[in-house]
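A closer look at the structure
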Amino acid sequence: MSKHESKTEAEESNRMWASASFVGVLIIIGLPLWWKTTEVYRVALPYDKISSFDQLPRKVAVDLKILAYDDVTAADLEALIEKAFEDSDIIKPRIQKAVLSDELHHALEYVADELDAVEEINRAYNLTERNCFYLVQRRNLFQHVWLGEERVMFFRDSEASRLVVESLLRWVYQTSVLSGVRSETVDAARSTRLPPAAGYHVVLSVVHPTPDKLEVEFDAKEAVEDYIGTFVDELSYLHNFTLKSQWLYLLDFNFQAKEVKDINEDRGRHFSVRRDRLHLLLTSLEERAATHVAALPTINLALYIVPCHLSPLQIYYDDDKPVQATMQAFMSPKWGGVVFASPSAPDCGHQHPAFHPHTRLVMGTFLAQLRPLLGIPEVDYIPDAFLVPLRSVAARKWEVDSLVRLRTLEQITSAQRTLQSLAQLLGEISNIVITDEVGASINSAVESIQEASHLLAEGDIMNAYDTSKRAYLAAETAFMDPSLLALLYFPDDQKYAIYIPLFLPIMFPVVLSLKNLLLWFRGKPVHKDKIE
Amino acid sequence: MWWLHIGCIFISLSTFTPYSLGVEIPEKFQKSNHTNNWAVLVDTSRFWFNYRHVANVLSIYRSVKRLGIPDSQIILMISDDMACNPRNPRPATIFNNAHEQINVYGDDVEVDYRGYEVSVENFIRLLTGRVPPDTPRSKQLLTDEGSNILIYLTGHGGDGFLKFQDSEEVTSQELADALEQMWQKRRYNEIFFIIDTCQASSMYEKFYSPNILATASSLVGEDSLSHHVDSAIGVYIIDRYTYYVLEFLENVHTNSQKTMTEFLAVCPKSACLSTVGVRRDLFKRDPSKVPITDFFGSVRPVVITTNTIDIMDIPKRKKTEIENRTKVLEKRKYLPQFPMHLVQGSTQ
């Protein structure tokens, strides 16, 4: 009996040790190991830095030099400008004031033409310095304020101070456009310009619907190269531009044009097309132009050669008023522009009709469309202040400065928003993976954002632009990285379906044996009935 | 047993009752501030007996294209090629009606994702923008903060999932998360979500991102039914919901004044046999004041240019001459294959 008893006891202890080892392997080693290995892989991210983006410097420092005839005028103007920009969230002018040197004073009095006066200032000061703007007093001015292509604004006397401030706000620094970058709602300028990108394709398509009836002589390649090329050369620091041109024949579009009598026209009539019909032309153009296959965002420019039987074509507003402009043209935000070139009566009257579109006018219209698309907003009219109309292809110097500031702010804001969204999403959605590469991108974006903000606050806009571009690209790469979806086929809500069939058959007996095991360890008899 | 697929029951009805809606034009539409329109149209099921799903998705494709969304802004995912299926007695056509009134395949269908490319992964990658780096632009959803997106899904579904390709499914949670990621990245202005499957409304119940208007062909617990069978091809030819949607859309033109409310009421229970579900709590505008063209058309803003720059000097860019010529001194060429130059004299 005792032999038998000791044998059962030995068996009992063997069994208990066996089940204890099962428990040990499964619960003490297995569970934590399983927990650890099935964790969503996430690199530690600088959440504190991401949440404290608001504390970074928000203002852009700009240099402003006032050159006046006397100290009082300069001081008054300085005070007024400082007051005007006091509330500004964006621009912080660093003003230096000086009295004009006698030599420059005489020179400015002497020359009659404003452009020559700019020349004189250029001789004394360095006007090529970016982000540095000169306010110069010039008594013999026809207007209160004069602004040309260079970084110089003339003002007549202290009476013009208020106008100077307004011109600075609306023309030179474009504060409303800049603050539109940060706002939640989209303003007109933001909805027009293309989002920041490393590069753009600019494609000029010459659309010729009736090649059999009209010969068109237009060197598209040369025009793109000369006009658009010269224009984008100035901006090549900001983006890479690829210029292309193509001809599209036989693109048929039904304008639903109506013949209207017109005594000013050689043929005694013109054809009217309603404005609300024009967006359909974009759709049919897009079909043929095939510019969306390119890897970079594309700006479409289309020169539509109006067939002779529809010439001249005249766009009408929705209230049935004709558009008064040298060229009939329209643009579509973030897409591009279309210019209509109508052949004249003599062009069409020939036995072999031929048409030379006026390259200078056509390209001038395209450039007017291209400027807001690339982020140079249209300047509005300020009474009594004179802005020299643009007569050259290149953008004004201070416009380029403003564009650099705009794009820098845009890229910083976009990168910040992307990272904040990502941080929030990581909290909301548990199965997003953050690999080491994505983590590195995020860290570099955070650092670049901080650096760019500080550079802007110091007024170093070119370096700030470069840094902000890095931040923008790094943030985009991080958010859009394909590896974030690595757990796409392993969603949280389906984990039960995967683990329960796997673990239930093993865990069930192990968990059940726990009670017996505990009792046995405490030295209590496991099977009372057997002993009795 | 929520992970089991429950096939829908398809009832064929040889007749349907046409219905009409009292069209009332609202006095003033609520202005939408979208600047472009996109459409994502997905058919998730393969095989010949799912012919009707291809007809469904192509019906919507035809409508949005006719109403002006360009192909570059339509992402079309079709998992099987019914037009070229050997069982199709009318090759290169897909009809949505046994009377063969409308060939929805049309002349130019641009399919962006086809066959086995139509997978949950590609669909979610498309929505979230996390595509592999070498993806062409035509296969990307390049939307921005001003985009209105129409999402149309059709296929076989169940409570909380939509089956892709017989092998995998997207759950409502995954879809809701994908849309939230789009919202956080500012990739849409508004979304109109349509789904035509069984228990379709379960797919939008988990949405939590703002500015989404969703409609589904059936409520949870209901099946979406097909419309009628075409005896020439031997399978059902279109689903009821999409049939009535197409019938409605065929009467919509680019300048139509129809509203979203009319669209949401397009298939009453008497016609659909299932209850059309609508979710409008996430949508900020009043659907009765939203024109249907906000989602189905492409209302692109047009700005007239009047400020031509009068360029004074004709610019000349410093040319970067690219020499395309080869450096071979002597040019050589092939002789014609038939020595015509030898017999030239005799022919003259």
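Below, the structure is looked at part by part. (Residues numbered from 1 in each chain as written. Chains lettered and ligands numbered in written order. Predicted model: local features only at pLDDT ≥ 70, side-chain atom pairs only at ≥ 80, totals over all residues. Heavy atoms only, no water.)

The next subject is the state of the cysteines. Residue and element names in this part refer to chain A. Per the stated rule, a full pass over the model turns up two disulfides over all chains. The partner cysteine of Cys308 in its disulfide is Cys348, sulfur to sulfur 2.1 Å. Since a negative S-S torsion denotes a left-handed disulfide, the Cys308-Cys348 link at about -90° is left-handed. Taken together, the residues Cys308 in the loop between strand S11 (298-305) and strand S12 (313-316) and Cys348 in helix H11 (residues 345-349) connect sequence positions 40 residues apart. (Disulfide = S-S within 2.5 Å. Helix = DSSP H or I, 4+ residues; strand = E, 2+ residues; numbered from the N terminus.)

Turning to helix H15 (residues 461-480) of chain A, a few remarks are in order. Compared with the 28 Å implied by 1.5 Å per residue over 20 residues, the 28 Å span of H15(A) between its first and last C-alpha is a close match. Across the 20 residues that make up H15(A), a large majority, 14, are buried. (Expected span 1.5 Å × (residues − 1). Buried < 20%, exposed > 50% of the residue type's maximum accessible area, 1.4 Å probe, protein only.)

Residue and element names in this part refer to chain B. Reading across the sheet, the seven strands line up as S3-S2-S1-S4-S8-S9-S12 and stay open at both edges, with mixed pairing between neighbours. In this open sheet, the two edge strands, each paired with only one partner strand, are strand S3 (113-114) and strand S12 (277-279). Of the strand pairs in this sheet, strand S8 (residues 190-196) and strand S9 (residues 212-216) are connected by five bridges, and their pairing is parallel. By the bridge assignment for S9, Phe193 is matched with Ala214. (Pairing = 2+ DSSP bridges.)

All names here are of chain A. Where helix H13 (residues 397-428) meets helix H14 (residues 436-458), the closest approach of the two axes is 10 Å, and the angle between their N-to-C directions is 145°. For the pair H13 and H14, the sense of crossing is left-handed. Across the interface between the two elements, Thr408, Leu409, Ile412, Ala415, Gln416, Leu419 and Leu422 from H13 touch Ile442, Ala445, Val446, Ile449, Ala452, Ser453 and Leu456 from H14. Looking at the contact of H13 with H14 residue by residue, the classes come out as 11 nonpolar, three polar and no charged. (Axes fitted to C-alpha atoms, helices over the stretch in contact; angles between N-to-C directions. Left-handed = near helix turned anticlockwise from the far one by under 90°. Contact = heavy atoms within 4.5 Å. Nonpolar A, V, L, I, M, F, W, Y, C, P; charged D, E, K, R; others polar.)

The next point concerns H14(A). Residue and element names in this part refer to chain A. Across its 23 residues, H14 extends 33 Å between first and last C-alpha, which sits within 8% of the 33 Å expected from 1.5 Å per residue. Every buried residue of H14 is accounted for by Val438, Gly439, Ser441, Ile442, Ala445, Val446, Ser448, Ile449, Ala452, Ser453, Leu455 and Leu456. Within two residues after H14, Gly459 carries a phi angle of roughly 90°, on the positive side.

This part covers the sheet that holds strand S2 (residues 91-99) of chain A. Residue and element names in this part refer to chain A. Reading across from one edge, S2-S1-S3-S5-S4-S16 is the order of the six strands in this open sheet, with mixed pairing throughout. Looking at strand neighbours, the two that pair on one side only are S2 and strand S16 (385-387), the edges of this open sheet. Across the sheet, the mean angle from the axis of one strand to that of its neighbour is 20°, orientation sign disregarded. Inspection of the sheet shows strand S3 (residues 132-137) paired to strand S5 (residues 152-155) by four bridges, in the parallel sense. By the bridge assignment, Val136 is partnered in S5 with Phe154.

Take the environment of Trp34(A) next. Residue and element names in this part refer to chain A. Tracing the sequence through the fold places Trp34 in helix H1 (residues 2-37). Note on Trp34: relative accessible area 25%, which makes it partly exposed. Contacts of Trp34, omitting those with residues within four sequence positions, involve Tyr499 and Phe503.

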